[in-house]
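Listed below are the residues making up each chain.
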Amino acid sequence: MEVKTSLLDNMIGVGDMVLLEPLSEDSFLDNLKKRFDHSEIYTYIGSVVISMNPYRSLPIYTPEKVEEYRNRNFYELSPHIYALADEAYRSLRDQDKDQCILITGESGAGKTEASKLVMSYVAAVCGKGHEVNKVKEQLLQSNPVLEAFGNAKTVRNDNSSRFGKYMDIEFDFKGDPLGGVISNYLLEKSRVVKQPRGERNFHVFYQLLSGASDDTLRKLKLDRDFSKYNYLSLDSAAVNGLDDAANFRTVRNAMQIVGFMEDEVQSVLELVAAVLKLGNIEFKPESRCNGTDESRVKDKNDLKEMCELLGIEQSVLERAFSYRTVEAKMEKVSTTLNVAQAYYARDALAKNLYSRLFSWLVTRINESIQAQTKARHKVMGVLDIYGFEIFEDNSFEQFIINYCNEKLQQIFIELTLREEQEEYVREGIEWTNIEYFNNAIICDLIENNQNGILAMLDEECLRPGTVTDETFLDKLNTICADHQHFESRLNKNSKFLNDHSLPHNCFRIQHYAGKVLYRVEGFVDKNNDLLYRDLSQAMYKANHSLIKQLFPEGNPAKVNLKRPPTAGFQFRASVGTLMRNLQTKNPNYIRCIKPNDKKASHIFTDSLVCHQVRYLGLMENVRVRRAGYAFRQPYEPCLERYKMLCKRTWPHWKGPARDGVEVLMADLQIPAEEIAYGRSKIFIRNPRTLFFLEEKRKQCLQDLATLIQKIYRGWKCRTHFLLMKKSQIVVAAWYRRYAQQKKYRNIKSATTVVQSYTRGWQARKLLRELKYQKRCEEAVTTIAAFWHGTQARLELRRLKQEARNKHAVTVIWAYWQGTKARRELRQLKEEARNKHAVSVIWAGWQGTKARRELRRLKEEARRKHAVALIWAYWQGLKVRREYRKFFRANAGKKIYDFTIQRIIQKYFLGLKSNMPSMSPIDKKWPARPYSFLDGVHTELRKIFHHWRCKKYRDQFTEEKKAVYEEKLEASEIFKGKKALYPSSVSQPFKGDYLEISKNPKYQKLNSAVDEKVLLADVVNKINRANGKGTPRIFLLTKKNFVLADQKTGQVKASIPLPDVTSVSVSTQKDGFFALKLKEGSASAVKGDFLLSSEHLIEIITKLHRIGATAADREKLKVDISDEFLVQFKQDKVCVKFIQSSPKNGNSVSCKRKNNRLLEVSVPTSP
């Protein structure tokens, strides 16, 4: 059974400040301190949650806690941020009310963590599913990206948000998240160029230098040493408990999850590196001939590296740092910048570059996380914005922040009162006007269009002439002198003339949270926020894709001579939009408080908390809440909680709950003016009445507990007695059984012992008799054995003696036989040696004879050879003498030429009879007979091959020749680059696959095309939204290509071929190709075309051939890559080809992964 608890049960201090009694600032702080000391960091003020930063991890955010607070009443459990998040989510889901959660507090109070907890709770309790989980993951992963670029380490907080963030999370009718939209307010861009002592620049700079790989840093031209960059403070570069390298990997992963492309991430990192390089640029003065000073860059190395990163010409940016061009109507005036102005221009560029990059990041994240459907959505807004700031030195930033908090306080009071009034009307209780301080007069002092401080600041910035902070203060002293919330020492009101706490260059405003002193120095410059037009134009000339988007005003074709809106005007407009947005939603408030300045747990600084309680207006909030009825509760829980206080309602009330509560209150004699009965709730005016009820309930519970204990103890004693009685009977029965069993076992044991003794005596007697008989038998056997042994030994000795005698005779005979054998052996060996000597002598003699005969024969052969040779020479000489008269002197050369001619003639005749076939692909050729014909043989082979190729070509018609030329061109484009090409070689190029001129179905379409159709085919036009294809008729002529509807034949698009700049295809076996159109042309309004066709090779070959033959346009470029970009209207989408296993056949599929990625899956070949 589930045990229901209440806000009032086991309460440490008071869980709801509305019930605090007595109500004072001291009691308020004591209650907060008491709860903080017991790790109760959440406290309510009605429906407002006060959150104290514990500076440590608490076990109150587990999944079990999420389930505990899920679908529970707001006051049902102890105060928790999950209770507010659940109330807001259920109101949005079940009552269709748009919600907003406003999180305020000073830096270090835990605003960012509170917003994360709200988003994580909503993500945990909403629906599940692949798409839903993807949206939730993208919404949650947007936080690390924004924190890296928008948060920094300050003296108050190691992860301080330096911008205001408002996120609208959009839900469908089931309560599942669909997407979100993020708005950012007033990024503290001055931190980019200068940080207070003990603070750091934005996290991303340190994360990039610590976590990026060496290769990445080398590409960005950066070094890991923080000391090499002027924009990075060194005294707080390393923060305990902050791992910049790990956080960098987290940010890269989060950007990938959110949907950033790899080239976009690289572009962002290049801009961050450029900001660091920009801070290292230093200037030196240089005197001109006219006596003026001009700035020059000291060391151009950092300037060069920055220009290489952004793709800017170094001379253009260097000139922009030295000169400023002022345009007025038709005139241009160029002035030089001194060193101070150059440093101002450098810092202004760095601040604008980083600020615009941050705004682009927010816009890019919104593109990824925004809801895809156009239907109406339910919205929950989460506002994480700076709290009221009062420093020793307050400037323009604090003035703007405090103005925003004044507006939030105003809407807080209005919405709180409206919520109170609506509840009173809903419950049918009379509404009484509540007196409270209305800070509209302070908001009017700041934002009034005529006499407001912001309006006068804008007027002063736009006024011609000398404009300084002092002239602005003089105007304030003149116009706002009589305002009761404005104080200045120089105004007409004489009561501040001797106020030494108010310096001459300051003014003071009495805000709802207290008086704040503002130093007027820097107001005009910070409000102007000027960036010289020369720098904007220099940035626009960059080749970097992202820079052009960040500086559109630098476009020379769109020069706007109007001054850009001031920072104050922009912030006032954005705050007005925010207020109108919040007015349309049901508000939920989280007030964050920092317990100490040391970032330490268990320390509660009373003065610091008191200061925050004042400027957050928490006491005012309690008073507004208590001005009517301090406590309200539905009738059913109220009756369930207090029914034991009346005998008529205890233990069960049968009837309506309201009647039971009325009977209960009447029985307790509660005054009628202290309570009011609504339609579904009871309202209690004073907390003392509620505490009276709680005290009575506590006493009654003690009495009931005593009664329950008495009844329980009686029941327990009776039960114990009956149990003991029953146990005694059982024990006695078991004991008697045990005694009888033991007696039987003893008798049985005695009988067994007597029997065993008797049997043992009989057995021993029999054993003795048997042993005696056995010993007698063994004695006889032993005697016989000894006798037989003696006889055997005597016989053995006799036999051994005989054997020894026989052995001696045998040994003597053997010795004698051996002696005879050795004598005969020596005699035989002597005879053998004599015979061998005779054989050796005979063999030597025979060899000598043979060698003599051989020498004689050789000499005789040499004499015969010499005679034959002399005879041959003699015969030759005789023939030459006889025939000499018949020959001329050059007869040898003639004979040589004749011989060569005969050899060549024989070679050619042989070649003629062995000629190969006339086929150009026949590679056979006869072998050469002589090596000196090697060159001729090769040349003849080439000549013959060219001749038969010409003969083969002469057989072609013009049409067939064009087909082969197209095939050759296709080979040059695709061979070895596109996996689809080999399968297309054997397929002829038909061109007109639809027979458009003959088919009556396409008669209307054929008449709409004036020129000859070179190719007609059906292609699929790929839809960017879902990756599915739509059939279209593709017609190609010499001047245009046309896409028409397949069913109706209606022309959907007609694109001139000069507008087609390139074609992109993959390397795989798919038919996808992208026709990219020239930027700025009329055809490129809707973007490029992504098509798919079975005849891709033929289509692209014909397009390329037409471009190559046309003299008035460039040759069509064909890009072959597995990843390319396609322009769809204003967005670029990456088309990525991957190989996949053939699960669902061998068809190619295209799916949309996110707004920037289409993935084409190509099945691998088996």
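Note that the structure is a prediction, hence the values are computed from the model and not measured.

1. Some points on the nonpolar core
Ranked by internal contacts, the top residues of the largest apolar core, which has 210 residues, are F28, F149, F205, L317, F321 and L582. Residue assignment places this core across two domains, with domain 1 (1-117 + 596-607) and domain 2 (404-527) each supplying three or more. Those residues in contact with F28 that lie beyond four places of it in its chain are M17, L20, I45, I50, V613, L618, M619 and V622. Core analysis: the second largest hydrophobic core is formed by 31 residues, L1036, A1053, L1057 and I1106 among them.

2. A closer look at the confidence of the model for the protein chain
The pLDDT averaged across the protein chain works out to 83; a share of 93% of its residues lies at or above 70. Here strand 10 (residues 323-328) stands out as the element of the protein chain with the lowest mean pLDDT, 73, in contrast to strand 2 (residues 48-52), whose mean of 92 is the highest. Every residue in residues 1-5 scores below 50 in pLDDT, and together they form four contacts with partners more than four places removed in sequence or on other chains.

3. Considerations on the sheet that holds strand 31 (residues 1157-1163)
Spatial ordering of the open sheet is given by 28-29-31-30, a layout of four strands whose pairing is mixed. Unpaired on one side and paired on the other, strand 28 (1123-1128) and strand 30 (1149-1154) mark the two borders of the sheet. Between one strand axis and the next, the sheet turns by 30° as a mean value, whatever way the strands run. The sheet contact formed by strand 30 and strand 31 spans five bridges and is antiparallel.

4. Some thoughts on the domain arrangement of the protein chain
With domains assigned, the protein chain is organised as domain 1 (1-117 + 596-607), domain 2 (404-527) and domain 3 (958-1163). For domain 2 and domain 3, the distance between their C-alpha centroids amounts to 65 Å.

5. Concerning the UniProt feature "binding site: ATP" (unreviewed entry) in the protein chain
The feature "binding site: ATP" (unreviewed entry), as annotated in UniProt, sits at G105, E106, S107, G108, A109, G110, K111 and T112 in this numbering. Its location among the elements puts G110 in the loop between strand 3 (99-104) and helix 4 (111-125). Not counting the four nearest positions on each side in its chain, G110 is found in contact with N53 and C592. Within the secondary structure, K111 sits in helix 4.

Parameters at a glance
Residues numbered from 1 in each chain as written. Predicted model: local features only at pLDDT ≥ 70, side-chain atom pairs only at ≥ 80, totals over all residues. Heavy atoms only, no water. Core = buried A, V, L, I, M, F, W, Y, C linked by side-chain atoms within 4.5 Å. Buried < 20%, exposed > 50% of the residue type's maximum accessible area, 1.4 Å probe, protein only. Domains from an automatic or database assignment. Contact = heavy atoms within 4.5 Å. pLDDT = per-residue confidence, 0-100. Helix = DSSP H or I, 4+ residues; strand = E, 2+ residues; numbered from the N terminus. Pairing = 2+ DSSP bridges. Axes fitted to C-alpha atoms, helices over the stretch in contact; angles between N-to-C directions. UniProt positions renumbered as here; feature names shortened; annotations may be inferred.

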